[in-house]
Number of protein chains: 2
Amino acid sequence: MHRTRVKVSEGVLDANETIARDNRDDFERHGVTVINLMSAPGAGKTSLLERALEDLGDVRVGVLEGDVQGTLDADRLASLHLPVTQINTDPGFGGECHLDANMVRSALPEVPLDEVDLLVIENVGNLVCPAEFSVGEDSRVMVCSVAEGEDKPLKYPLMFRTCSLVLVNKIDLLPHLDYDLDLFLRNLDAVHPDVERMLVSARTGEGTEAWRKWLLRAAG
Amino acid sequence: MHRTRVKVSEGVLDANETIARDNRDDFERHGVTVINLMSAPGAGKTSLLERALEDLGDVRVGVLEGDVQGTLDADRLASLHLPVTQINTDPGFGGECHLDANMVRSALPEVPLDEVDLLVIENVGNLVCPAEFSVGEDSRVMVCSVAEGEDKPLKYPLMFRTCSLVLVNKIDLLPHLDYDLDLFLRNLDAVHPDVERMLVSARTGEGTEAWRKWLLRAAG
């Protein structure tokens, strides 16, 4: 029984890789850099995007919003006057917990690839499956809030291992939490040694200038 | 393509329901009340269990711990001298993002059902798929941290709609967040009108006595 399930899963992942490569070809042909932004629910992906995308100079940005249901985040980002495309995953059964390459592919006709240099794909809030499904991105960025505790890299290692940048968000809460930042960073290094990390607060803006510059470099 | 995916998913869910009923029969035969405890990563499930299970009087409690990898939470709870059984979901591909009825069934031989009155199943931290898979529980409890923002009921409605109790955790952080508790409660009522809710802080202990009494009543 269990072996069968693993085979099915690998088949799904193989098919996903094929479609992810097609997406990647399209992105490259249009000269678009693609970031897959991931986190647990409520870690602050949208707020950190609002901070960074307010001013990316000449870089033209588009956003692909993944949510189980609704357009709350897309509505927030639309006020930045960017092209925002919503993917809702709930037409599946109770709702898919991640974006896969085919969902992104289905949405691409709605994304003006000729008019953007940088496409940010905001994934469904979840620390497990989004890490398993490439969507054709150039790099993965994850947000981890200090309110989530220090143990998350050890409990969700694939997510932390496959990203290029970890945004440690909500650091304005540090004085009010029993949170050992050094322990978190040791746990992070245990699963992904020396991965780039930034301490940020979407609420106060602390550290978000480095994140904005990271996106500028990525798009360049 | 999409229709095919839905059919596959429904087949998986039908099979899950069959096994969940078998689990339920076993639980009933042994007179065990079963709680499925769910939340986003880092919302405080384990900390709230530590608070409540410290003293449940004559009620004998067991815990089934679901994690992608590791035994961090099981180790914490074992210090309460309860029977704790770990399920790791990572033998799947990158790791399953939820417990299903079959995973729980596979672990049942390790759970001393004759020696417990209440079994708490701590699910994998995720707001999507755990809500889709019954494991044979009597009721579902979810934890939602105020650090996650007010919009979670609208973005993950199935989870909020199928639980009997919502523990709104980390209320000690309220003075330090831009969080509108009334808005959260309105969003909660929009997807699950009048669902029982408790405002708690695992850190300070505020409100956790009501949660302990809820578990006592559930086990009675």
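Look above for the structure.
Below you will find a few notes about this structure.

Calculation criteria
- Residues numbered from 1 in each chain as written.
- Chains lettered and ligands numbered in written order.
- Predicted model: local features only at pLDDT ≥ 70, side-chain atom pairs only at ≥ 80, totals over all residues.
- Heavy atoms only, no water.
- Salt bridge = Lys/Arg side-chain N within 4 Å of Asp/Glu carboxyl O.
- Helix = DSSP H or I, 4+ residues; strand = E, 2+ residues; numbered from the N terminus.
- Buried < 20%, exposed > 50% of the residue type's maximum accessible area, 1.4 Å probe, protein only.
- Axes fitted to C-alpha atoms, helices over the stretch in contact; angles between N-to-C directions.
- Parallel < 35°, antiparallel > 145°, perpendicular 65-115°, else oblique.
- Contact = heavy atoms within 4.5 Å.
- Nonpolar A, V, L, I, M, F, W, Y, C, P; charged D, E, K, R; others polar.
- Buried area = accessible area lost by both parts, 1.4 Å probe.
- Polar contact = N/O pair within 3.5 Å; in protein donor to acceptor, adjacent residues only side chain to side chain.
- Pairing = 2+ DSSP bridges.
- Core = buried A, V, L, I, M, F, W, Y, C linked by side-chain atoms within 4.5 Å.
- Phe/Tyr/Trp six-rings, centres within 6.5 Å; stacked < 30°, edge-to-face > 60°.
- Least-squares fit on C-alpha atoms with pLDDT ≥ 70 in both.
- Expected span 1.5 Å × (residues − 1).
- Arc of directions from axis to C-beta.
- Disulfide = S-S within 2.5 Å.

## Concerning the pattern of salt bridges
Then step 1. Within this structure, the stated rule accounts for 34 salt bridges over all chains.
Then step 2. A:D189 is the partner of A:R197 in a salt bridge, and the nearest nitrogen-oxygen pair spans 2.7 Å.
Then step 3. In this structure, B:R60 and B:D117 form a salt bridge, with 3.0 Å as the shortest nitrogen-oxygen distance. Of this pair, B:R60 sits in the loop between helix 2 (45-53) and strand 2 (61-67) while B:D117 sits in the loop between helix 4 (101-107) and strand 4 (118-122), placing them 57 residues apart in sequence.
Then step 4. Judged by relative accessible area, B:R60 falls into the partly exposed class, the value being 38%.
Then step 5. Bridged by salt links that share partners, the residues A:E50, A:D67, A:D73, A:R76, B:D151, B:K152 and B:K155 form one connected network.

## Quick word on the packing of helix 2 of chain B against helix 8 (residues 208-219) of chain B
Residue and element names in this part refer to chain B.
Then step 1. One way to put it is that helix 2 packs onto helix 8 with a least axis distance of 9 Å and a crossing angle of 75 degrees. With respect to their mutual orientation, helix 2 and helix 8 come out roughly perpendicular. Counted together, L48, L49, R51, A52 and L53 of helix 2 and T208, W211, R212 and L215 of helix 8 form the full contact between these two elements.
Then step 2. Along the lines of polarity and charge, the residues of the contact of helix 2 with helix 8 split into six nonpolar, one polar and two charged.

## Examining the interface of chain A and chain B
Then step 1. Taken together, the contact between chain A and chain B spans 48 residues of the former and 48 residues of the latter.
Then step 2. In this assembly, chain A packs against chain B so that about 3,900 Å² is buried in total across both faces, 58% of it on carbon and sulfur atoms.
Then step 3. Remark: the boundary between chain A and chain B carries six salt bridges.
Then step 4. In this structure, the salt-bridge partner of A:K155 is B:D67, at a minimum N-O distance of 3.8 Å.
Then step 5. Across the chain A-chain B interface, the total number found is 13 residue pairs in polar contact (both at pLDDT 80 or more).

## Side note on the sheet that holds strand 6 (residues 165-169) of chain B
All names here are of chain B.
Then step 1. Strands sit in the order 3-2-4-1-5-6-7 across an open sheet of seven strands; the sheet is parallel. Looking at the sheet topology across the chains shown, the edges are occupied by strand 3 (84-88) and strand 7 (196-199). Direction aside, neighbouring strands of the sheet carry axes that sit 20 degrees apart on average.
Then step 2. Relative to the sheet, helix 7 (residues 181-191) contacts strand 5 (139-145), strand 6 and strand 7, its axis offset from that of strand 7 by approximately 160 degrees.
Then step 3. On top of the sheet, helix 8 reaches strand 1 (33-39), strand 4, strand 5, strand 6 and strand 7; it is set at about 145 degrees to strand 1, its chief contact.

## Focus: the nonpolar core
Then step 1. In this structure, A:M142, A:F160, A:F184, B:M142, B:F160 and B:F184 are the most contacted members of the largest nonpolar core, which totals 60 residues.
Then step 2. In this structure, B:F184 is in contact with B:C144, B:G149, B:E150, B:P153, B:F160, B:V168 and B:Y179, ignoring residues within four places of it in sequence.

## Quick look at the packing of aromatic side chains
Then step 1. Evaluated as defined, the whole model comprises six aromatic pairs over all chains.
Then step 2. Each member of the aromatic cluster is reached from another via a ring pair, and the members are A:F160, A:Y179 and A:F184.

## Things to note about the relation of the copies chain A and chain B
Then step 1. Note on the identical chains: chain A maps onto chain B by a rotation of 180 degrees and an axial translation of 0.0 Å, with an RMSD of 0.0 Å. Taken together, the turn and the small shift mark the pair as related by a two-fold rotation axis. If distances are taken from each C-alpha of chain A to the rotation axis, the shortest is found for A:N126, at 3.0 Å.
Then step 2. The fraction of interface residues of chain A whose copies in chain B are also interface residues reaches 100%, indicating that both copies meet through the same surface.

## Brief notes about the pairing of strand 7 of chain B
Then step 1. Both strand 6 of chain B and strand 7 of chain B contribute to a ladder of four bridges, which runs parallel. Within strand 7 of chain B, the position partnered with B:L165 by the bridge is B:E196.

## A closer look at the environment of A:V120
Residues and elements named next belong to chain A.
Then step 1. Mapped onto the secondary structure, V120 falls in strand 4 (residues 118-122).
Then step 2. Taking C-alpha positions, V120 is 7.5 Å from V61, a pair spaced 59 residues apart along the chain.
Then step 3. In this structure, V120 is in contact with I35, L37, L49, V61, G62, V63 and L64, ignoring residues within four places of it in sequence.

## What about helix 8 (residues 208-219) of chain A?
An α-helix turns once every 3.6 residues. As a result, residues three or four positions apart point the same way.
Residues and elements named next belong to chain A.
Then step 1. The terminal C-alpha atoms of helix 8, which comprises 12 residues, lie 17 Å apart, in line with the 16 Å expected from a rise of 1.5 Å per residue.
Then step 2. If you check which residues of helix 8 are buried, you get T208, W211, R212, W214, L215 and A219. Buried residues along helix 8 cover an arc of 155 degrees about the axis, so they all sit on one side.
Then step 3. Tucked inside the fold, the buried residues of helix 8 contact strand 1 (33-39), helix 2 (45-53), strand 4, strand 5 (139-145), strand 6 (165-169) and strand 7 (196-199).

## So, the state of the cysteines
Then step 1. Overall, the coordinates contain zero disulfides over all chains when judged by the stated rule.
Then step 2. Its sulfur unpaired, A:C97 is 3.5 Å from the next cysteine sulfur, which belongs to B:C129.
Then step 3. Overall, the relative accessible area of 2% leaves A:C97 in the buried class.
Then step 4. A:C144 forms no disulfide, and the closest cysteine sulfur to it belongs to A:C163, at a distance of 9.6 Å.

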